[in-house]
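Below are the chains, spelled out letter by letter.
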Amino acid sequence: MSTAKKHLLEDMTFLEFQERMGEDPVILIPLGSQEIQGPMVPMGDFMLTREIASRVAEKSGAIAAPTMPFGYAEYFRSVPGGIALSADAFRATLRDMLDNFLDHGLTKLVIVNGHSGNAPLIDQVIRAVRRDHDVLVPCINLWRSIPDALWNEVHGEFGKKAFAHGGDPITSVYLHLFPDLTRMDAVEIDAQFGKMIDLPTAGLAAVRFQGTEIGLPVNVDDHCSNGIAGGDASRSSADKGARFVDHLVTFCSDFVEHMRSVSSSTKAKSKGEYAA
């Protein structure tokens, strides 16, 4: 029988988890979304977060909780097949997930977020946890944690212009992790981009007026006809996805090691921390 530690909470018996509790383990809370990602990759981008969190847990000795597959994605609700939570439901579900660990004295929790639209609500939840528990819960926004240097290394002169909904890093990461689920023959770079109030849409939440973005409740299919909101998915590749994944697994594992060495309590701050 293998003596290797299990790294996925869903694979553990309650006795195995209780044994690990004595280590004061770092618990990863993976979050994702079920949404349109363009015509070439699946809608379930939570699969990417789940796989990356699993690799981080295995590499670092953390424990990955089951992935919450549904996120706050109001601007994708207009496309069939997506499953978006309301803001209230997302906040309540995430808070319940965190409280289930906090209630048992497990405070080294790290959110691994694979959907940028979740970020504002995550901030509200972790601020409430700080008020109620004096516990700091950090959140890693996966795709936005990729440094510019890596974008330039992977995409050359195109660089971070490749970073877009329906572009990279998601498309390349899919090609690396789930090649059998991708359909690169369906990439349509010449998507039609829309207008609202007789102004060109700017991404998923604005229109552009005199060169300035004006906030507006834009939906993805108001903005573009095929879900590719920018970048250039034809430049994506499995090799590029492997570089993104390698970086993310290393970066997140390094952060787990850091979390092991610090207290997550707000009361642990030293007086000298605020010195100039």
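Notes on the structure follow. (Residues numbered from 1 in each chain as written. Predicted model: local features only at pLDDT ≥ 70, side-chain atom pairs only at ≥ 80, totals over all residues. Heavy atoms only, no water.)

Turning next to the overall build of the protein. Helices and strands together make up the secondary structure of the protein, namely 8 helices and 8 strands. For 276 residues, the compact-globule estimate of 2.2 N^0.38 gives 19 Å, and the C-alpha radius of gyration of the protein, at 20 Å, lies within 12% of that figure. Within the protein, the proportion of its 276 residues that are buried is 50%. Put simply, 74% of the contacts in the protein that link residues at least 6 apart link residues at least 24 apart. The positive charge centre, built from 26 side chains, and the negative charge centre, built from 36, are 6 Å apart in the protein. (Helix = DSSP H or I, 4+ residues; strand = E, 2+ residues; numbered from the N terminus. Rg over C-alpha atoms; globule rule 2.2 N^0.38 Å. Buried < 20%, exposed > 50% of the residue type's maximum accessible area, 1.4 Å probe, protein only. Contact = heavy atoms within 4.5 Å. Lys, Arg positive; Asp, Glu negative; His and termini not counted. Charge placed at Lys NZ, Arg CZ, Asp CG, Glu CD.)

Okay, the packing of helix α3 (residues 87-102) against helix α4 (residues 119-133) next. The interhelical angle for the contact between α3 and α4, taken along N-to-C directions, is 40 degrees, at an axis separation of 10 Å. The angle between the axes of α3 and α4 places the two elements in the oblique class. In this structure, α3 meets α4 at a crossing whose hand is right-handed. Counted together, Ala87, Phe90, Arg91, Leu94, Arg95, Leu98, Asp99 and Leu102 of α3 and Leu121, Ile122, Gln124, Val125, Ala128, Val129, Asp132 and His133 of α4 form the full contact between these two elements. A per-class count over the contact of α3 with α4 returns 10 nonpolar, 2 polar and 4 charged. (Axes fitted to C-alpha atoms, helices over the stretch in contact; angles between N-to-C directions. Parallel < 35°, antiparallel > 145°, perpendicular 65-115°, else oblique. Left-handed = near helix turned anticlockwise from the far one by under 90°. Nonpolar A, V, L, I, M, F, W, Y, C, P; charged D, E, K, R; others polar.)

Attention shifts here to the packing of aromatic side chains. The final tally for this structure, using the stated rule, is 4 aromatic pairs. Both rings, one in tyrosine 75 and one in phenylalanine 76, keep their centres 4.9 Å apart while their planes meet at 90 degrees; by these two values the pair is edge-to-face. A relative accessible area of 3% means that phenylalanine 76 is categorised as buried. Seen in terms of ring centroids, tyrosine 174 and phenylalanine 178 are 6.3 Å apart; in terms of plane orientation they differ by 55 degrees. Their pairing is tilted. The two residues tyrosine 174 and phenylalanine 178 agree in class, both being buried. An aromatic cluster of at least three residues, connected via ring pairs, comprises Trp151, Phe163 and Phe244. (Phe/Tyr/Trp six-rings, centres within 6.5 Å; stacked < 30°, edge-to-face > 60°.)

In spatial order, the strands read β2-β1-β3-β4; together these 4 strands make up an open sheet with parallel pairing. The open sheet is flanked by β2 (63-64) and β4 (139-141), the only strands paired with a single partner. Inspection of the sheet shows strand β3 (residues 109-113) paired to β4 by 3 bridges, in the parallel sense. Note that in β4 the partner of isoleucine 111 across the bridge is cysteine 139. Where helix α8 (residues 238-260) meets the sheet, its contacts fall on β1 (27-31), β3 and β4, and the angle it forms with β4 comes to roughly 170 degrees. (Pairing = 2+ DSSP bridges.)

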